[in-house]
There are 2 protein chains.
Amino acid sequence: MMAHVPLFTHPNPERVLIIGGGDGGVMRECVKHPSVKEVILCDIDKMVPEVSKKYLPNMSKGFDSPKSTLYIGDGIEFMRNHLDSFDVIITDSSDPVGPAEALFTDEYYQLMKSALREGGIVCSQGECMWLHLEMLAKMIKFNKNIYPSVGYGYVCIPTYPSGQIGLLMCGKAEGTDFSTPARELTEEEVEKWELRYYNSAIHKAAFVLPEFARKVLK
Amino acid sequence: MMAHVPLFTHPNPERVLIIGGGDGGVMRECVKHPSVKEVILCDIDKMVPEVSKKYLPNMSKGFDSPKSTLYIGDGIEFMRNHLDSFDVIITDSSDPVGPAEALFTDEYYQLMKSALREGGIVCSQGECMWLHLEMLAKMIKFNKNIYPSVGYGYVCIPTYPSGQIGLLMCGKAEGTDFSTPARELTEEEVEKWELRYYNSAIHKAAFVLPEFARKVLK
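Residues numbered from 1 in each chain as written. Chains lettered and ligands numbered in written order. Predicted model: local features only at pLDDT ≥ 70, side-chain atom pairs only at ≥ 80, totals over all residues. Heavy atoms only, no water.

(A) Main features of the UniProt feature "domain: PABS" (unreviewed entry) in chain A. Residues annotated in UniProt with the feature "domain: PABS" (unreviewed entry) correspond here to residues 1-172 of chain A. Taken end to end, residues 1-172 of chain A is 31% helix and 29% strand, and its first and last C-alpha atoms sit 20 Å apart. (UniProt positions renumbered as here; feature names shortened; annotations may be inferred. Helix = DSSP H or I, 4+ residues; strand = E, 2+ residues; numbered from the N terminus.)

(B) Examining the UniProt feature "active site" (unreviewed entry) in chain A more closely. All names here are of chain A. According to UniProt, the positions carrying the feature "active site" (unreviewed entry) are Asp92. Here aspartate 92 shows up in strand β4 (residues 86-92). With relative accessibility at 18%, the residue aspartate 92 sits in the buried group. Beyond its immediate stretch of four places on either side in the chain, aspartate 92 contacts Met2, Ile19, Gly20, Gly21 and Val26. (Buried < 20%, exposed > 50% of the residue type's maximum accessible area, 1.4 Å probe, protein only. Contact = heavy atoms within 4.5 Å.)

(C) Up close: a nonpolar patch on the surface. Residues and elements named next belong to chain A. Taken together, the side chains of Met47, Val51, Tyr55, Leu56 and Met59 define a hydrophobic patch exposed on the protein surface, amounting to about 480 Å² of accessible area. Among the elements that make up the nonpolar patch, the one with the highest residue count is helix α3 (residues 47-55) (three residues). Here valine 51 lies in helix α3. (Patch = residues over 30% accessible without salt bridge, like charges linked within 9 Å, V, L, I, M, F, W, Y side chains within 5 Å. Areas by Shrake-Rupley, 256 points an atom, 1.4 Å probe, with all protein chains shown as cover. Salt bridge = Lys/Arg side-chain N within 4 Å of Asp/Glu carboxyl O.)

(D) Examining the pattern of salt bridges more closely. Tallying each qualifying case throughout the model produces 20 salt bridges over all chains. Ionic pairing is found between Glu14(B) and Lys37(B), a salt bridge with its closest N-O pair at 3.6 Å. Within this pair, whereas Glu14(B) is found in the loop between α1 (4-9) and β1 (15-20), its partner Lys37(B) is found in the loop between α2 (25-30) and β2 (38-43), the two being separated by 23 residues in sequence. Lys37(B) sits in the exposed class, given a relative accessible area of 57%. Each of Glu14(A), Lys37(A), Asp87(A) and Arg117(A) takes part in a single network of salt bridges with overlapping partners.

(E) Inspection of the state of the cysteines at higher detail. Across all of its chains, the model carries zero disulfides over all chains by this definition. The thiol of Cys123(B) is not disulfide-bonded; the next cysteine sulfur, from Cys170(B), is found 9.3 Å away. With a relative accessible area of 0%, Cys123(B) lands in the buried category. Free of any disulfide, Cys156(B) has its nearest cysteine sulfur in Cys156(A), 3.6 Å distant. (Disulfide = S-S within 2.5 Å.)

(F) Highlighting the nonpolar core. Ranked by size, the top nonpolar core spans 142 residues in total, and within it Ile89(A), Tyr109(A), Ile89(B) and Tyr109(B) carry the most contacts. With residues up to four places along the chain from it excluded, the contact list for Tyr109(A) reads Leu103(A), Val122(A), Ser124(A), Met139(A), Phe142(A), Asn143(A), Ile146(A), Tyr147(A), Leu168(A) and Cys170(A). (Core = buried A, V, L, I, M, F, W, Y, C linked by side-chain atoms within 4.5 Å.)

(G) Up close: the sheet that holds strand β5 (residues 116-125) of chain B. All names here are of chain B. Ordered in space as β3-β2-β1-β4-β5-β7-β6, the seven strands form an open sheet in which the pairing is mixed. The strands lining the two open edges of the sheet, one partner per strand, are β3 (68-72) and β6 (149-156). Strand-to-strand twist across the sheet, computed as the mean angle between neighbouring axes with direction ignored, equals 15°. In the packing of helix α7 (residues 133-144) onto the sheet, the strands contacted are β6 and β7 (164-171), and the crossing angle to β6 comes to about 150°. (Pairing = 2+ DSSP bridges. Axes fitted to C-alpha atoms, helices over the stretch in contact; angles between N-to-C directions.)

(H) A look at the side chain of Ser85(B). All names here are of chain B. Residue placement: serine 85 occurs in the loop between α5 (75-80) and β4 (86-92). Within polar-contact distance, the side chain of serine 85 engages the backbone oxygen of histidine 82 at 3.1 Å. A distance of 2.7 Å separates the side chain of serine 85 from the backbone oxygen of leucine 83, its partner in a polar contact. Setting aside chain neighbours within four positions, we find serine 85 in contact with Arg15, Ala115, Leu116 and Arg117. (Polar contact = N/O pair within 3.5 Å; in protein donor to acceptor, adjacent residues only side chain to side chain.)

Take a look at the structure:
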């Protein structure tokens, strides 16, 4: 979902940057998109892709794609050196304590905006509406001062705290409707792409929030 | 959600039966509906409502409604004595081990059908699509032989195993679309009814399943 929701929202994604996500799962899904020409994954910890390649071959197989480039280093520095470069930036990070703390600040979202091309879309680890509602409200508020379009969706993942992970979405284009895929997949395509969670209907439903969250995150 | 989804799907619910649900939470939500004239709650264990009334006053306050009747006894026997009686039957049970095991069988769904009036709707504890997919597939299959309309939705609840509980829905009327509320609430009504999860949009979204579950539970 973290890969397909932004990629299907963008009208024609060609260049994708993944910050974090060293396990390769998001990479594996990004390279499936025919319009995508290049996916750069930038992880600060070289052990993560190494261990994933060794022990999680199905998770890490996207690294074998000719579209894939692995860069080990600081994502913030990488973006400063690659302004106006990407159609989609996905931040697949850990929680905002320790090394990932900087990835939840307004400076980080400002930097992502500079690294996006015109019409670009950001999809970031959006924690959990049941646990971090106040923090998310603050993040949405500062992002509304940075981006013309901001949205919040979620994915159910039983192994995550409270069974969910959020998708905090920002768009450089005015009026981006994150809940409406620019391209819809047929049942046959969903099967062919080996998608186990994503389909075009759940893309839309992911942005419908329970009332307690809708009121605060709208 | 367990109360509002069936009650808002039914065109004009007047008489409601709750099997289990002794804590009173479902009762509290049912009595909010203006069309509802009577809600009978049938729990086999008299301790549950007693303890809830004592320690969970906000959960159990629905028992104070003049629409509410509490009956302590076996729900199966109760339904056998009240055929053709209810517009909505909600089974708010524990898991299918021990006392609640009988509430997951085709005989039980057959009996609920007999206790429903014309156009009646059933909403039952539908476990979790991440944990019990095969069991749910079987239940949907046998219910398609009993009811002309069958559907499956879910609610996110962090305290439940894997963070979800399912809603297994059956309708006595042909072509019942459980994902479309017969009446929609305005934002003001949602506020006035003190709904913290339910709104008309999430009613619809609750029936959109991730691909792995959609394929099996359709």
